[in-house]
Amino acid sequence: MADATVETFAITGMTCANCSARVEKELKATEGVLEANVNLATEKATVQFADNLTAEQLIQRVEAIGYGAILFDDAHKQKIEQEKAAYLKKMKRDLLVSALLTAPLMIAMIAMLLGSHGNWVHFLHLPLVQLILVTPVQFGVGQRFYRGAYHALKTKAPNMDVLVAMGTTAAFALSVYNGFFNPYNSDLYFESSGMIITLILLGKYLEQKAKTKTSDAIKQLMSLQAKTATVIVNGEEKEVPIEEVQTDDVVRVRPGEQIPVDGKILSGQTTIDESMLTGESLPVDKQAEDQVFGGTVNTTGSIQFAATQVGSMTVLSRIIRMVEDAQGEKAPIQQIADKISKVFVPTVLGIALITLLATGFVTQDWQQAIVHSVSVLVIACPCALGLATPTAIMVGTGLGAKSGILIKGGGALEKIAHLTTIVLDKTGTITEGKPVVADFDAFDPEALSYLTSLEQYSEHPLAKAIYHYGKDQAAILPVDSFESLTGQGVTGVINGKAYFVGSTRGVRERNILFDEERVLALEAEGKTVMFLTDHAKVLAMISVTDQIKSSSKAAIAAMQESGITVKMLTGDNPQTARYIGEQVGLAASDIVAEVLPEDKAQVVKELQTKGESVGMVGDGINDAPALALADIGIAMGSGTDIAMETADITLMNSDLLSVEKSIRLSKITLRKIKQNLFWAFLYNVIGIPFAAVGFLNPIIAGGAMAFSSVSVLLNSLSLNQKKI
């Protein structure tokens, strides 16, 4: 939508899945908001809204329901990091205070259970002493839970804070009643309320620390960005901050230095370590006219290059932005947890009430009934459900980025595991995409000059090969009325005469005769044959070959072994297509030749109508419609920007083996998500009934709640140990 804006906000104050659901619901209910997605793990909200709204108005809506919001842009990133650091520091301080004040009571309780009845034990069991120690924990450290519960109840969206506040308050109030107003029962539960708050705060602190680990991939990418650049101004070198580098500035990079921005080499030769972009450890040779990318490392020679992309437009900046977006997007599997989270807390409150009434009426021990209901309140953990999916996606997309696999979001990461057919474009995907002239037969002395002059205007890889072949051997002539004919070739007028350069199909359509036998022989060798003709006859025949990538055969075999059908699309004639297909292990039935660019999407659509889940792999502008239509579009990083923007996954190393790696990454990430959801469900399904019947005291219940979400995070982080 042209008049829509998309912004990302850092959200503060969220403690569980109900919080993120509440913020998302509030944003979606705002008039003018078209779409909103709130992620508990990344603590971000991505909002698409009409131009009648402002970011400030959305921030106010979030603040009105008790949470904080900061616009997540370059201007505010430092502030967001400072606030996160301050929040973590305060949490650590509160945790320390809570632990120090609660520890004496726990020690005294354990000592009494072990049979010790010394004076110090008796002193620490005095109601007044326990009240003095626990009150700062309950209402000082624990005020975060009361504040959160107030806003949650105010907006009729109870969350984890409500459960903790109600449970600890009940234990605290019962202790006050027994200690000061009930001569018949001296049981105190101060240590329970204090310990529950301490344990839950410990769990939240460890959870926050673990969350920072899930975004390590982005931090590593950001650390690759150079801080300064050496710019040549009027023949003199000047070191400037990276923000001041402008497009077309001439930049010098010495051996061992980082490339500061994207550019094209003007002079010098070197090898560059591009592993941070591609995941490939071998350095890449570079010379004049070659592209260099910001964040990569110059290893040997000194070079000068002209800056082509700076600031947020460099490849590295775009990768960071893509990974950030991916980590904030929900996967379809998360809908299960979202649906349960919406009813989770109200259900737990209902179970706690039933536990209170049932235990009280059956046993007539209402104090015990309160203790049982407190256990129910504090063991229930919506956090684990809320973190199960997004944390695994964060780690999975980060792991992919380290391997040169950029995944746009959780949806793509989930879908690729379910692909049944993968369609491969030939040029630049199976082959190197760098065709070279193999044979040239001229039947006119000026043929090479005509060919080179016409092909200089074409962007097609075969045309570029012919142009580079002829530019140093023949004169470049002026061309009038140049026209590109999709799927056939090009036409133009030179010295008042019309010429055509194109495929056998284009020549046949013009009813011009050519040496069929010679063409068949060349095509049988996997070469693509092109012709130069005038209105009546062939003036030259030229064959072009494109080397097959060394990894293509192994990659296709790996996909086939995993049960995926692999097909190849190409505009080449059937003979050349068959030759290439045979070389990489494809059957004739899996090769579709002479496909016009506009027909590639149609091939994908036909497969989808047969019930196939289709992945399309390509690298060119003419692949963009098919990439967009496919269930999963996979672009080669060496391809065009539009292919990368359209695709769901970008392979920075342009290696087909990375397609199979992407599938494996998806499967292991999905496995982690399912494990997380299983344990989160199992924990609550078992824990709540055990607490209800009195098998768990409030302290153990609080500890179990605290560490359930931490265990989910640790399980997600274990993805980093996987080899893809």
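Calculation notes
- Residues numbered from 1 in each chain as written.
- Predicted model: local features only at pLDDT ≥ 70, side-chain atom pairs only at ≥ 80, totals over all residues.
- Heavy atoms only, no water.
- Axes fitted to C-alpha atoms, helices over the stretch in contact; angles between N-to-C directions.
- Helix = DSSP H or I, 4+ residues; strand = E, 2+ residues; numbered from the N terminus.
- Parallel < 35°, antiparallel > 145°, perpendicular 65-115°, else oblique.
- Contact = heavy atoms within 4.5 Å.
- Nonpolar A, V, L, I, M, F, W, Y, C, P; charged D, E, K, R; others polar.
- Buried < 20%, exposed > 50% of the residue type's maximum accessible area, 1.4 Å probe, protein only.
- Pairing = 2+ DSSP bridges.
- UniProt positions renumbered as here; feature names shortened; annotations may be inferred.
- Phe/Tyr/Trp six-rings, centres within 6.5 Å; stacked < 30°, edge-to-face > 60°.
- Lys NZ or Arg CZ within 6 Å of the ring centre and 35° of its normal.
- Expected span 1.5 Å × (residues − 1).
- Polar contact = N/O pair within 3.5 Å; in protein donor to acceptor, adjacent residues only side chain to side chain.
- Domains from an automatic or database assignment.
- Buried area = accessible area lost by both parts, 1.4 Å probe.
- Salt bridge = Lys/Arg side-chain N within 4 Å of Asp/Glu carboxyl O.

A look at the packing of helix α26 (residues 657-692) against helix α27 (residues 698-717)
Interaxial distance between α26 and α27 falls to 9 Å at its minimum, and their mutual angle equals 170°. With respect to α27, the element α26 is oriented roughly antiparallel. Of the residues in α27, those in contact with Lys 672, Gln 675, Asn 676 and Tyr 683 of α26 are Ala 701, Ala 704, Met 705, Ser 708, Val 712, Asn 715 and Ser 716. Among the residues forming the contact of α26 with α27, the class breakdown is 5 nonpolar, 5 polar and 1 charged.

What about the pairing of strand β2 (residues 33-39)?
β2 sits mainly inside the fold: 5 of its 7 residues count as buried. Two elements, β2 and strand β3 (residues 44-50), share 6 bridges in a ladder whose sense is antiparallel. Within β3, the residue paired with Ala 36 across the bridge is Val 47. A loop of 4 residues connects β2 with β3, the two strands running antiparallel in sequence, and Glu 43 in this loop sits at a positive phi of about 55°.

Comments concerning the UniProt feature "transmembrane region" (unreviewed entry) in the protein chain
Sequence positions flagged by UniProt for "transmembrane region" (unreviewed entry) are, in local numbering, residues 95-114, 120-141, 162-182, 188-206, 343-363, 369-388, 676-693 and 699-719. Summarising residues 95-114: 95% helix, 0% strand, and an end-to-end C-alpha distance of 27 Å. Helix makes up 89% of residues 188-206 and strand 0%. Its end C-alpha atoms lie 29 Å apart.

What to know about unusual backbone geometry
Of note, the phi angle at Lys 156 is positive, near 55°, even though the residue is not glycine. You can see Lys 156 is positioned in the loop between α6 (143-154) and α7 (160-180). Its identity is not glycine, yet Ser 481 carries a phi of approximately 55°, on the positive side. Here Ser 481 shows up in strand β17 (residues 480-485).

Quick look at the packing of aromatic side chains
Applying the stated criterion across every chain yields a total of 10 aromatic pairs. With a centroid separation of 5.8 Å and 15° between ring planes, the pair formed by Phe 139 and Tyr 146 is classed as stacked. In this structure Phe 139 comes out as partly exposed when scored by relative accessible area, which is 44%. With a centroid separation of 5.4 Å and 50° between ring planes, the pair formed by Tyr 457 and Phe 482 is classed as tilted. Residue Tyr 457 is found in the loop between α17 (447-455) and α18 (461-470), and its partner Phe 482 is found in strand β17; the two are separated by 25 residues along the sequence. Residue classification places Tyr 457 among the partly exposed residues on the basis of a relative accessible area of 43%. One aromatic cluster is present, formed by Phe 139, Tyr 146, Phe 172 and Phe 190 through successive ring pairs. Between the NZ or CZ atom of Lys 44 and the centre of the ring of Phe 72, over which it lies, the distance is 4.1 Å.

Structural notes on α27
Along an α-helix, residues three or four apart share an orientation, since each turn contains 3.6 residues. The end-to-end C-alpha distance of α27 is 29 Å, a good match for the 28 Å that 20 residues give at a rise of 1.5 Å each. Most of α27 is tucked away, with 15 of its 20 residues classed as buried. Taking the backbone nitrogen of Ile 699 as reference, a side-chain oxygen 2.9 Å away marks Asn 697 as the first, capping residue of α27.

Focus: the sheet that holds strand β6 (residues 236-241)
Taken in spatial order, the 6 strands of this open sheet run β6-β5-β7-β13-β8-β11, and their pairing is antiparallel. The two strands at the open ends of the sheet, each matched to only one other strand, are β6 and β11 (291-292). When strand β8 (residues 262-267) meets strand β13 (residues 303-309), the two strands line up antiparallel, connected through 5 bridges. Within β13, the residue paired with Asp 262 across the bridge is Gln 309.

Focus on the sheet that holds strand β16 (residues 436-442)
Sheet strands pair via backbone hydrogen bonds, and the direction of the pair is either parallel or antiparallel. Read from one edge of the open sheet, 6 strands run β16-β21-β20-β19-β18-β17, paired in antiparallel fashion. Only two strands of the sheet have a single partner each, and these edge strands are β16 and β17. Each neighbouring strand pair of the sheet contributes to a mean axis angle of 15°, computed without reference to strand direction. As paired elements, strand β20 (residues 528-533) and strand β21 (residues 538-545) share 6 bridges and run antiparallel to each other. Bridging from a neighbouring strand, Leu 532 pairs with Ala 540 of β21.

Topic: the environment of Leu 282
Mapped onto the elements, Leu 282 comes out in the loop between α10 (275-278) and β10 (284-286). Judged by relative accessible area, which is 68%, Leu 282 ranks as exposed. The sequence separation of Leu 282 and Phe 49 amounts to 233 residues, and the corresponding C-alpha distance is 45 Å.

Some remarks on the domain arrangement of the protein chain
Quoted interface sizes are often the accessible area lost when the parts come together. You can read the domains of the protein chain as domain 1 (4-73), domain 2 (87-218 + 324-392 + 672-721), domain 3 (246-309), domain 4 (400-431 + 548-668) and domain 5 (434-546). The gap between the C-alpha centroids of domain 2 and domain 4 is 49 Å. Each partner contributes residues to the interface: domain 2 has 11 residues there, and domain 4 has 8 residues. Surface buried jointly by domain 2 and domain 4 totals about 730 Å² across both partners, of which 55% is contributed by carbon and sulfur atoms. The tally of links between domain 2 and domain 4 comes to 0 salt bridges. Here domain 2 and domain 4 share 1 residue pair in polar contact (both at pLDDT 80 or more) between them. Of the residues belonging to the side of domain 2 that touches domain 4, the class tally is 6 nonpolar, 1 polar and 4 charged.

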